[in-house]
Amino acid sequence: MTALRVLLTLLWAAGPSLADSPLTVVPRTAQETARIIAVTTLTRDFTKAEAFEAKPAGAATVRQRPGTDAFSQYSANMPFERQMNFNLGNALFTKSWVAAPASTLASDGLGPLFNARACQDCHLKDGRGHVPAPGETAVSLFLRLSVPGGDAPAGIKDWIATIPEPVYGGQLQNFSTPDVSAEGRMALTYTEQPVQMNGETASLRVPQYAVMKAGYAALSPAVMISPRIAPQMIGLGLLEAIAPDDILARQDPDDTDGDGISGRASIVPSAQMGQPMLGRFGLKAGSATIMDQSAAAFSGDMGLSTTLHSDPWGDCTAAQTACHAAPNGQETGLRDGLEVDRESLDLVTFYARNLAVPERRNPGDPTVLQGKRVFYDLGCTGCHTPKYVTDRLQDQPEQSFQLIWPYTDLLLHDMGPGLADHRPEGRATGQEWKTPPLWGIGLTSQVSGHTEFLHDGRARNLLEAILWHGGEAQAQRDAVAALPKPDRAALIAYLESL
Amino acid sequence: MHLSLIAAFACSAMALPVLAADPAQVAQTYVSIGAATFGDALITAKALQTAVDGLIANPSEATLATARAAWIAARPSYTQGEAFRFGNPIVDDWEGRVNAWPLDEGLIDYVDPAYGQSEENPLSTLNVVANPTFTLSGVTVDATQLTPDLISGTLQEAGGLEANVASGYHAVEFLLWGQDLNGTGPGAGNRPFTDFVQGPGCTNGNCDRRAAYLTAVTQLLVNDMAYMAAQWAPGGAAANRIIQDPNSALTAMLTGMGSLSYGELAGQRIRLGLMLNDPEEEQDCFSDNTYNSLYYDAVGIQNVYLGQYTRTDGTIISGPSLSQMVASADPSVDAKLTSDLASSVTALAVIKAAGEAGKAYDQMLAPGNSQGETVIMEAVDALVTQTASIQRAMTVLGLTEADFTVANDPAEVFQ
């Protein structure tokens, strides 16, 4: 991949820059830059674990707690006085909101349309959501909706213009407060598709989505639907603290180095920063900051207003008149006149920023190291970038200057037609997805009681997730299928150790 | 069994307060206090079990009152033990089973119809007391027999939702008191004893299953306390871990004090309720016993520092203390922290006294109750102040403030 840093610097030199971090950064010295380059260079030694590898979040790394709380710990290097904010954020994250009007003025304002009453109802144990069991109503998996049209935001090139579905808005809310109709139910069916590998077979379940019991007018014939499952929450603050240049430098949209991997940055308007920023969060990197993502979820998923999305009716469209007329939870002079006040949004952001990454279990195990070699040799690291050193930060000691191991480039990649949702989002096409981080992935079963992966949980284990890779990762997927069985098992053992 | 130890430590603690204690002795005192505290939690949990058995055998106003009193009597030792939670993984990993809150109590038993339904957590109104079979994540669960295993293995945090609390003190509390439907007004839960009457006279249905649930969940609590008491008894895993590494033990002690003071007690348990004016955000919300739990948390922090614990039966356990170690390093730091800890206990004693005089914690949370807010914020401020002093104590002892439960060899972290 080629560095475009110089070009980008020139393009954006005049004003707000994509190289702007959303955080308060202490400029990097030349000496630090040299040390960072040295420590983040990929290893070629697979005979032993690397220095610092056991602690994927640097000094913020926590011990591996047994049980389902493994993803619910705060950064290990957090001073006492900041633990209060983490705990308050945690309480808000787990809090169930109720419909207005209610006796608890501070907790009302839910909906009128919503997917969940509490953040944690989708982000179960701060881990991944799951697909609904047969007969169960989906909560942690929902459908995003849009139709082509509208304008691109100023200053963002290659934006694929879309607007929310005219009646249903940006996502399908399957719950509603009394006197307002819910929008409908997500219908999901699977078809099994056998896959042949060297020495074994697998089966992939191919999902089909539809909207049932639509509560309003018929959906637009042009509607585009994208299923989204709640991703794991750990390490988000460290991803936010990666220097934008370190991400932008890995872009290679025209594949000038010929490795088959392009990688494009998501660039999105940031409600928090008021300027176009590098997108990092969400399955298509549609949010620039943790606060942007949290405020969008408060609005879209729970129908709660914040400073960044001040409409108390959330995702209701103009056509949904009962929704607009329903009572809301905003009272003049109380809680900044919002349903979720500024302080609460700050606390939830702080909480999400500090959910910690557990230590690796057995990075020096010979099978794990064998799998690591496979991962590196096949070029999985082309997108799943192993390590970074985060920016030095003025007021975030937990995230400041940590050597981290998230295994993502945070860029958009064409993953082929098999994984495509055919629903563009910002600069991301209907075939592109952001590389998800892999840290903590081996603890999914322990935390969540399942091993469902990818943007909609269709993969039932890590091997299925690899076999779903296409597009820019087709070569790696094919190579994994062709591996001798023990190498493939070692690769999985390596992923399980992350 | 600790009599000789008590005698020896009591003497040295009182006669020679400035004698420099060594880490091994201080660690031993800490373990002795842990053993006594969790030992008392077990004794009082068993007394609770006896009272619950009495209620179920012969439901009446009197037996219900006895069971409620036994529950309240079981809380002080447990809450003093919370100072052992942070810094000791064995305690921290176990805590959620015995003290989780707040709960969607409709999972367990009937609730007021006005109680908020959660359509995306159907388990919040499951009412397992009324439903011997139900579906959980697409699987049919046979709950005909309400056993400790069913509660801990299937119902607790069902569906991955933390609000689905099926076990621990607060599940027992709900079954003894019922919902507190008084909001920020006076009064606690008011479950009638007839909810446990077998046959004619049973109120609210399913009295047999309600009794079975209460029996099972109380047994589970006793089992969990027995487990933790054993961890701190001589040879137990928690005790060994501290004794084998006295220097790490000092960090464990101060981490436990600091994390409980600030984030947990001042933040999640006190300030949050005030911030939200929400009576659901009080720990002992069915019984209105929150003021006691808050108070004994602060006492527990003080116990660890002073190396002294007053057992439920009045026996005093004491020995060489952290306080003495800090004093020998810097007497002014010790004096300030000792005084700060006393101030917090005093501030929480004001809330406790108000509670005992009929002004419960949830009433103080009402919007516009400025007197309540002042009293609560004084406690928060005192806890915040003591945390800064705890940090200074760590500094004078040469300890770093970090989660020591991860090996913190500087060589393992890129600087």
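The rules behind these values
Residues numbered from 1 in each chain as written. Chains lettered and ligands numbered in written order. Predicted model: local features only at pLDDT ≥ 70, side-chain atom pairs only at ≥ 80, totals over all residues. Helix = DSSP H or I, 4+ residues; strand = E, 2+ residues; numbered from the N terminus. Rg over C-alpha atoms; globule rule 2.2 N^0.38 Å. Contact = placed C-beta atoms within 7 Å. Buried ≥ 20, exposed ≤ 12 C-beta atoms within 10 Å, placed from the backbone. Pairing = 2+ DSSP bridges. Expected span 1.5 Å × (residues − 1). Nonpolar A, V, L, I, M, F, W, Y, C, P; charged D, E, K, R; others polar. Bend = angle between axes of the 7 residues up to and from the residue. pLDDT = per-residue confidence, 0-100. Axes fitted to C-alpha atoms, helices over the stretch in contact; angles between N-to-C directions. Parallel < 35°, antiparallel > 145°, perpendicular 65-115°, else oblique. Left-handed = near helix turned anticlockwise from the far one by under 90°.

A. Representation of the overall build of chain A within the structure. Counting its secondary structure elements, chain A contains 14 helices and 15 strands. A compact globule built from 498 residues would reach a C-alpha radius of gyration of about 23 Å, and chain A, at 22 Å, matches this within 12%. Dimensions of chain A, computed from the C-alpha atoms along their principal axes, are close to 65 × 50 × 50 Å. Intrachain contacts of chain A at a sequence separation of at least 6 include 68% that bridge at least 24 residues.

B. Focus on the overall build of chain B. Of the regular secondary structure elements, chain B holds 14 helices and four strands. On C-alpha atoms alone, chain B measures out to a radius of gyration of 22 Å, which is about the 22 Å that the 2.2 N^0.38 rule sets for 415 residues. Seen along its three principal axes, the alpha-carbon backbone of chain B occupies a region of about 70 × 50 × 50 Å. In chain B, which comprises 415 residues, the share counted as buried stands at 56%. Sequence separation of 24 or more characterises 73% of the internal contacts of chain B that already satisfy a separation of 6 or more.

C. Representation of the pairing of strand 7 (residues 200–212) of chain A. Pairing geometry for strand 6 (residues 185–197) of chain A and strand 7 of chain A, over 13 bridges, is antiparallel. The partner of Gln193(A) across the bridge, within strand 7 of chain A, is Leu204(A).

D. The pairing of strand 6 of chain A, seen in detail. Burial of strand 6 of chain A is sparse: only one of the 13 residues sit out of reach of the surface. Where strand 6 of chain A hands over to strand 7 of chain A, the hairpin turn is made up of two residues, of which Gly199(A) adopts a positive phi near 85 degrees.

E. Just helix 3 (residues 80–94) of chain A, in detail. Between its terminal C-alpha atoms helix 3 of chain A stretches 21 Å, which fits the 21 Å expected from 15 residues at 1.5 Å a residue. Of all 15 residues that make up helix 3 of chain A, twelve are buried, and the element is covered over most of its length. Buried within helix 3 of chain A we find Phe80(A), Gln83(A), Met84(A), Asn85(A), Phe86(A), Asn87(A), Leu88(A), Gly89(A), Asn90(A), Ala91(A), Leu92(A) and Phe93(A). For helix 3 of chain A, the secondary structure elements touched by its buried residues are helix 4 (119–122) and helix 9 (342–354) of chain A together with helix 9 (246–276) and helix 14 (370–396) of chain B.

F. Structural view of the interface of chain B and chain A. Tallying the contact residues gives 40 residues for chain B and 51 residues for chain A. Looking at the side of chain B that touches chain A element by element, the count peaks at eleven residues for helix 9 of chain B. Here the side of chain B that touches chain A is composed, by residue class, of twelve nonpolar, 17 polar and eleven charged.

G. Inspection of helix 3 (residues 61–81) of chain B at higher detail. With 21 residues, helix 3 of chain B extends 31 Å from end C-alpha to end C-alpha; this agrees with the ideal 30 Å at 1.5 Å per step. Most pronounced at Arg75(B), the bend in helix 3 of chain B amounts to some 25 degrees, and the proline Pro76(B) follows within four residues.

H. Region of the structure containing the confidence of the model for chain B. All names here are of chain B. Counting all residues, the mean pLDDT for chain B is 89, and 91% of those residues have values of 70 or more. With pLDDT under 50 throughout, residues 1–18 is counted as low confidence; its partners more than four residues away or in other chains account for 22 contacts. Confidence metrics for the complex model read pTM 0.91 and ipTM 0.85.

I. Representation of the sheet that holds strand 4 (residues 162–163) of chain A within the structure. Residues and elements named next belong to chain A. Reading across from one edge, 4-3-8 is the order of the three strands in this open sheet, with antiparallel pairing throughout. The open sheet has two edge strands with one neighbour each: strand 4 and strand 8 (224–229). Pairing geometry for strand 3 (residues 141–148) and strand 8, over six bridges, is antiparallel. Bridging from a neighbouring strand, Ser-146 pairs with Met-224 of strand 8.

J. Highlighting the packing of helix 9 of chain B against helix 10 (residues 290–306) of chain B. All names here are of chain B. The contact between helix 9 and helix 10 brings their axes to 9 Å, and the two run at 165 degrees. The angle between helix 9 and helix 10 places the two elements in the roughly antiparallel class. The way helix 9 lies across helix 10 gives a crossing that is left-handed. For the pair formed by helix 9 and helix 10, the contact residues are Met-253, Gly-256, Met-257, Leu-260, Ser-261, Leu-265, Arg-269 and Ile-270 on the first element and Leu-294, Asp-297, Ile-301, Val-304 and Tyr-305 on the second. Taken together, the residues that form the contact of helix 9 with helix 10 break down as nine nonpolar, two polar and two charged.

K. Representation of unusual backbone geometry. All names here are of chain A. Of note, the amide linkage connecting Ala-100 to Pro-101 takes the cis form, showing an omega dihedral of -5 degrees. Within the fold, Pro-101 resides in the loop between helix 3 and strand 2 (113–114). Cis geometry is found at the peptide bond from Gly-111 to Pro-112, where omega equals 10 degrees. Secondary-structure assignment places Pro-112 in the loop between helix 3 and strand 2. In this structure, Asp-179 takes a positive phi of about 75 degrees despite not being glycine. Within the secondary structure layout, Asp-179 lies in the loop between strand 5 (175–176) and strand 6. The exposure class of Asp-179 is exposed, given the 12 C-beta atoms found within 10 Å. One non-glycine residue, Asp-255, adopts positive backbone phi at about 50 degrees. Inspection of the secondary structure puts Asp-255 in the loop between helix 6 (244–248) and strand 9 (267–270). Residue Asp-255 is classed as partly exposed on the basis of its 14 C-beta neighbours within 10 Å.

L. Region of interest: the environment of Ala285(A). All names here are of chain A. Mapped onto the elements, Ala-285 comes out in the loop between strand 10 (275–278) and helix 7 (290–302). Residue classification places Ala-285 among the buried residues on the basis of 27 C-beta atoms within 10 Å. A C-alpha to C-alpha distance of 25 Å links Ala-285 and Ser-445, two positions 160 residues apart in sequence. When near neighbours in sequence (up to four residues on either side) are disregarded, Ala-285 contacts Ser-266, Gly-279, Arg-280, Leu-410, Leu-412, Ala-428 and Lys-434.

M. Quick peek at the confidence of the model for chain A. Across chain A, the average pLDDT comes to 94, with 96% of residues at 70 or higher. For the stretch residues 1–13 of chain A, pLDDT sits under 50, and the model shows 21 contacts to residues farther than four places along the chain or on other chains.

N. Quick look at the environment of Phe375(A). Residues and elements named next belong to chain A. Along the chain, Phe-375 turns up in helix 10 (residues 366–377). Each C-alpha atom of the pair Phe-375 and Ile-492 lies 9.5 Å from the other, and the pair is 117 residues apart in sequence. When residues no more than four places from it in sequence are discounted, the contact partners of Phe-375 are Cys-380, Thr-381, Leu-491 and Tyr-494.

O. Examining the environment of Tyr262(B) more closely. Along the chain, the position of Tyr262(B) falls in helix 9. With sequence-adjacent residues up to four places away left out, Tyr262(B) is seen in contact with Phe80(A), Glu81(A), Gln83(A), Met84(A), Gly267(B), Leu383(B), Val384(B) and Thr387(B).

P. Layout of the packing of helix 3 of chain B against helix 10 of chain B. All names here are of chain B. Following both chains from N to C, one finds helix 3 and helix 10 inclined at 40 degrees, their axes separated by 7 Å at the closest point. Between helix 3 and helix 10, the interaxial angle falls into the category oblique. Judged by the twist between their axes, the crossing of helix 3 over helix 10 is right-handed. Facing Ile-72, Arg-75, Pro-76, Thr-79, Gln-80 and Gly-81 of helix 3, the residues of helix 10 in contact are Asn-292, Ser-293, Tyr-296, Asp-297, Val-299, Gly-300 and Asn-303. Broken down by class, the residue content of the contact of helix 3 with helix 10 amounts to four nonpolar, seven polar and two charged.

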